[in-house]
Amino acid sequence: MAAVQWRSRGRNYEAELQRCRPEAALVDFGDYHPLKSIMVTDTKTRRGARKGSTSSSSSSSSSAPPDPLSSMLDGTDPLSMFAAASATETPAMAHSASAGDLGRKKWEKEKEEEVVGPDFEPWSLKRGEILARFTTTEKLSINLFMGSDRGKAPSPGSSAVSEKVRTRLEELDDLEEGSQRELLNLSQQDYANRIEELNQSLKEAWASDQKVKALKIVIQCSKLLSDTSVIQFYPSKFVLITDILDTFGRLVYDRIWTMCSDPRPLPDSFTVDDVNDTAKETCLNWFFKIASIRELLPRLYVEAAILKCNRFLNKCGIQETLPRLTAMIRGIGDPLVAAYTRAYLCRVGMEVAPHLKDSLNRNFFDLLGAFRQISSESVQKQLVLQRVEPLLTEMMERCKKLGNNALLLNSVMRAFRPEFVAARATDFIGMIKDCDEAGFPKHLLFGSLGRSVACADPPESERLTILNEAWKVVTKVRSPQDYVNCAEIWVEFTCRHFSKREVNTILADIIKHMTPDRAFEDAYPQLQSVIRKILTYFHDFSVLFSMERFLPFLDMFQKDSVRVEVCRSIMEVFIRHQVEPTRDPVILNAMLHICKTMHDSVNALTLEDEKRLLALLIIGFIRMVCFGRDFEQQLSFCVEARATFCNLESVMVQLIHTVNQLAMETNRVMRGSHSRKTAAFVRACAAYSFITIPSLSSIFSRLSLYLLSGQVALANQCLSQADAFLKAAVSLLPEVPRSISVEGKLRGSESFLLDFINNFLATLLVVPDHPEHGVLYLVRGLLNMIQDYTWEDNSDAKVRVYVSTLPLLAAMSQETYLYSIPKVDSNETLYGGDPKFLLEINKLSETLIGQVLDHLKALGRDEQSTRRQGALAFSLFGVLLAHGDLRNNKLSQLAVNLWNLSHKHGYCETRVSVRTLEFIKHQAQQADMSHLSDTVQRLALQSRT
């Protein structure tokens, strides 16, 4: 390919724009309306048509046709059809095990709600609270009962049935008479893991049809509840073991239910008459097995676990069993074990027979009577030996009328709905005052009352009295831990119903109690809860930060991780609820302090995700700061923020964007005509960005911000600043690595670099040449950097940059540029079409084309590079077609050669080639483009070889 003489074709951008606009055409709508109904006709698939193909036709009609969806359904609703179909199915057809089980559980739940009411608190809500509350650091032990080898082969003379019964009874005896293996020094978590292993063993034994082994496991677990050596952990032990009992009860019940559902399913509200004899016999067999358990405690627990199975035997079975089990519990000597056994019976009873509340109430009254037993001397000595907290010891003091009045009052306030307690809060306060301080500390009673009034609103006229009476007691509590536990509860009531003055008073009192001896170090969870509750009710941060004691309260969080977590929670609420930008100095100073705390927590060990989260919160705050027309104050804030948040790169990037936006807002206010003062201000903004960008570690962040800041400087007529930004970007190009980390993975940087260079070239069209640096000095500088850059092996990136530069040079040679910046004289004005300037452009263009052609020749020598050669040749052909003057014979011949080269090996996409030819033919119809007619005749499509 011989060297060519480049010449750009003249462009009339406005005329080209007009030609590209669609032609206006009058449309006769007639009766047509886009919302009018459309008649749809369904046509059957024609015989012999390709598989999967269909034919349909549609026509609009001025008449009101039927709804196409309804017409396709022949007036029938598909949901109604399914409902009708299911109604005609027989029960056997409709039944499945899972569906029947779900329906049964739903029916039982609805039945339960009808009896106990929607306000009944289910066990599932209390379970987690108990596990979280009753913990211990003491070592625990667990006795695993190992069976003996008494299971012998049956004697030949005995019958099979009697021997089977005897064997099973001996297996149960094995459990009680076998050896024991005691695991000592278990932590709380180890103990829970052991219990979970037993639970899994139960399920596996049941699944493998080892029913007696499953019963052994349940008996073994029930015996563990007789151990009260660690009283603090006993409630959690109760929860873990009763989970196993519940599992066993469900397995037994579901098995008998399944036996009743063959061949027809058992209805939800079944009666004894619906149960077949086989199921009854199996159910009775289970109760006989349980009755043979020798020890009272496991026998009680296991029978309570399958209490629901009485429904299969007797209509009044559950009603008759509850009083019997209640009476049997009286035989348990340990008052704690007896109390929890009654609690389990109450819970199971409410689940399986909520309509029998009267029987369960008798069990509850037995529980109240146990308070006298708890107050006995032997129990008190046991509590002292186990070193239970003094508070618990005080609870056990003998008191009048069924134990401790304060204890009962506390139980009432915790058990009843908050609405009930809050409505009678004043009455409860009077009752609390009459309680004996030695029996149950009053601050605990006020804590229980505080939980209720925080959830439900007491009468408005009584709220201040309630707060004053409660706080008189709370503030006198000497123990910092007891104090903060109670104060944390009442903070929510105060925030809910009072102003910042009352909240500030409570914060001051908390600081007063928790500061001596650094007591706050042991109360971080409660203090964090105080902050959360305040943030829940105070979303106006001008009010929040005007509290004198709020920031001193934050100073109590001395532990770094806790302090950062608190600051994060404040920032999250601020970003979520601060709708309008702010310039309030109180808010800004406080939020800067909080953000600085988060920023200063970042170190070399901080995870990237943590950095990203903290940066997002700080950026959210920066975006909410606005000083209105006081642009200088806004810039001062950014200067201060830059010094404060220098370790978080994304925050620095945001500050640069904020300053650039500030410069453009100044330009908008001045309508592009800067005064001396505003001109100096936008130059100061440019200086801010120019100083800040080099501190960034990401090279592509620096490149993009240099370019963006240069564009902002140009828009504000700061030519020297724009020139500095663009030169800095060009000088940075050699430092771009060949691979960069993107979301933790190494990726080649070439695609990112090409995107940046294309954006950079588009900007250079409006950048005027510097009078001291010669013609097109920025373009030449960029090309020199591209020439010297170390590209990837077997890469065409460098020549693609050369191809991308040709449209820029062609645009620079036009009399009127495609776009310009107001009040900035581009090269079109500076040179005014000077022939020397155009000659420089043409020479540079010819040089670039020569470089591309040399690269195409090099690719032609390697058979494996023919696809790359074809793609690059077609790309250069497109540039010549769009920007070159093809009236020049050499340039026209070069275009034809490039077309042929791109199609030589058949890699060019035929569809693209066809569309290109159609475009050329369309262009040839223009008066000034008729020379393309000859060119298009020489462009032929070649089939793929």
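Residues numbered from 1 in each chain as written. Predicted model: local features only at pLDDT ≥ 70, side-chain atom pairs only at ≥ 80, totals over all residues. Heavy atoms only, no water.

**What to know about helix α43 (residues 910-924)**
And step 1. The end-to-end C-alpha separation of α43 is 21 Å, in line with the 21 Å expected for 15 residues at 1.5 Å each.
And step 2. For α43, the set of buried residues is Ser913, Thr916, Leu917, Ile920, Gln923 and Ala924. Each buried residue of α43 lies within a common arc of 125° when the element is viewed along its axis, so the set occupies one face. Seen from the open side of α43, the exposed residues pointing more than 90 degrees away from its buried face are Arg911, Arg915 and Glu918. (Helix = DSSP H or I, 4+ residues; strand = E, 2+ residues; numbered from the N terminus. Expected span 1.5 Å × (residues − 1). Buried < 20%, exposed > 50% of the residue type's maximum accessible area, 1.4 Å probe, protein only. Arc of directions from axis to C-beta.)

**So, the pattern of salt bridges**
And step 1. Taken as a whole and judged by the stated rule, the model has 30 salt bridges.
And step 2. The partner of lysine 126 in a salt bridge is glutamate 129, with the nearest N and O atoms 3.8 Å apart. Of this pair, lysine 126 and glutamate 129 both sit in helix α6 (residues 123-133), three residues apart, roughly one helical turn.
And step 3. Under the relative-accessibility criterion, lysine 126 is labelled partly exposed at 29%. (Salt bridge = Lys/Arg side-chain N within 4 Å of Asp/Glu carboxyl O.)

**A closer look at empty space enclosed by the protein**
And step 1. This structure, assessed with the given rule, holds four cavities of 30 Å³ or more.
And step 2. When its volume is computed, the largest cavity comes out at roughly 70 Å³.
And step 3. What lines the largest cavity is Leu140, Ser141, Tyr191, Asp227, Ser229, Val230, Phe233, Tyr234 and Lys237.
And step 4. For the lining of the largest cavity, the elements supplying multiple residues, two or more each, are β3 (140-146) and α10 (234-260). (1 Å grid on protein atoms, 1.4 Å probe; cavity = no way out; pocket = protein on both sides within 12 Å on 5 of 7 lines; lining within 4 Å. Points joined across faces, edges and corners; volume = space filled by probe spheres on them.)

**So, the packing of helix α32 (residues 649-669) against helix α34 (residues 699-715)**
And step 1. Close contact between α32 and α34 brings their axes to 10 Å; oriented N to C, the two are set at 10°. Relative to α34, α32 is oriented roughly parallel. For the pair α32 and α34, the contacting residues are Glu649, Val653, Ile656, His657, Asn660, Ala663, Met664 and Asn667 in the first and Ser701, Leu705, Leu708, Ser709, Val712 and Ala715 in the second.
And step 2. Residue classes in the contact of α32 with α34 are distributed as eight nonpolar, five polar and one charged. (Axes fitted to C-alpha atoms, helices over the stretch in contact; angles between N-to-C directions. Parallel < 35°, antiparallel > 145°, perpendicular 65-115°, else oblique. Contact = heavy atoms within 4.5 Å. Nonpolar A, V, L, I, M, F, W, Y, C, P; charged D, E, K, R; others polar.)

**Quick notes on the pairing of strand β6 (residues 745-748)**
And step 1. Where strand β5 (residues 739-742) lies against β6, four bridges are found, and the strand directions are antiparallel. Counterpart to isoleucine 740 in the pairing with β6 is arginine 747.
And step 2. Connecting the antiparallel pair β5 and β6 is a turn made up of two residues, with glutamate 743 showing a positive phi of about 55°. (Pairing = 2+ DSSP bridges.)

**What to know about unusual backbone geometry**
And step 1. A positive phi angle is found at arginine 518, which is not glycine, with a value near 50°.
And step 2. Assignment of secondary structure puts arginine 518 in the loop between α24 (500-514) and α25 (524-537).

**A word on the packing of aromatic side chains**
And step 1. Inspection of the entire model under this criterion finds 35 aromatic pairs.
And step 2. Ring centres of tyrosine 234 and tyrosine 340 lie 5.1 Å apart, and the angle between their planes is 70°; on these two criteria the pair is classed as edge-to-face. Linking tyrosine 234 in helix α10 with tyrosine 340 in helix α14 (residues 335-352), this pair joins segments that are 106 residues apart in sequence.
And step 3. Under the relative-accessibility criterion, tyrosine 234 is labelled buried at 1%.
And step 4. On the basis of an interplanar angle of 70° and a centroid distance of 5.9 Å, the ring pair of phenylalanine 493 and phenylalanine 498 is categorised as edge-to-face. Neither residue differs from the other here; phenylalanine 493 and phenylalanine 498 are each classed as buried.
And step 5. The structure contains a cluster of three or more aromatic residues connected by ring pairs, namely Phe541, Phe545, Phe550, Phe574, Phe621, Phe627 and Phe637.
And step 6. In this arrangement the basic side chain of lysine 211 is found over the ring face of tryptophan 206, its NZ or CZ atom lying 4.9 Å from the centre. (Phe/Tyr/Trp six-rings, centres within 6.5 Å; stacked < 30°, edge-to-face > 60°. Lys NZ or Arg CZ within 6 Å of the ring centre and 35° of its normal.)

**A look at the layout of surface pockets**
And step 1. Taken as a whole, the second largest pocket encloses approximately 830 Å³ of empty space.
And step 2. Along the walls of the second largest pocket sit 25 residues, with Glu608, Arg612, Glu649, Ser697 and Ser698 positioned nearest its centre.
And step 3. Elements that contribute at least two residues to the lining of the second largest pocket include exactly α30 (608-623), α32, α34 and β5.
And step 4. Counting contributing residues, the lining of the second largest pocket receives three or more from each of domain 2 (627-735) and domain 3 (738-747 + 758-857). (Domains from an automatic or database assignment.)

**Quick look at the nonpolar core**
And step 1. Residues Leu449, Trp490, Ile510 and Phe621 are the most contacted members of the largest nonpolar core, which totals 194 residues.
And step 2. Ranked by residues supplied to this core, first place goes to helix α38 (residues 797-812) with eleven residues.
And step 3. Leave out the neighbours within four places in its chain, and leucine 449 touches Met413, Val421, Ala425, Phe428, Ile429, Ile432 and Trp490.
And step 4. Counting 66 residues, the second-largest nonpolar core is a separate cluster that includes Ile130, Phe248, Leu325 and Leu345. (Core = buried A, V, L, I, M, F, W, Y, C linked by side-chain atoms within 4.5 Å.)

Spatial relationships are all this shows, so hold off on functional conclusions.
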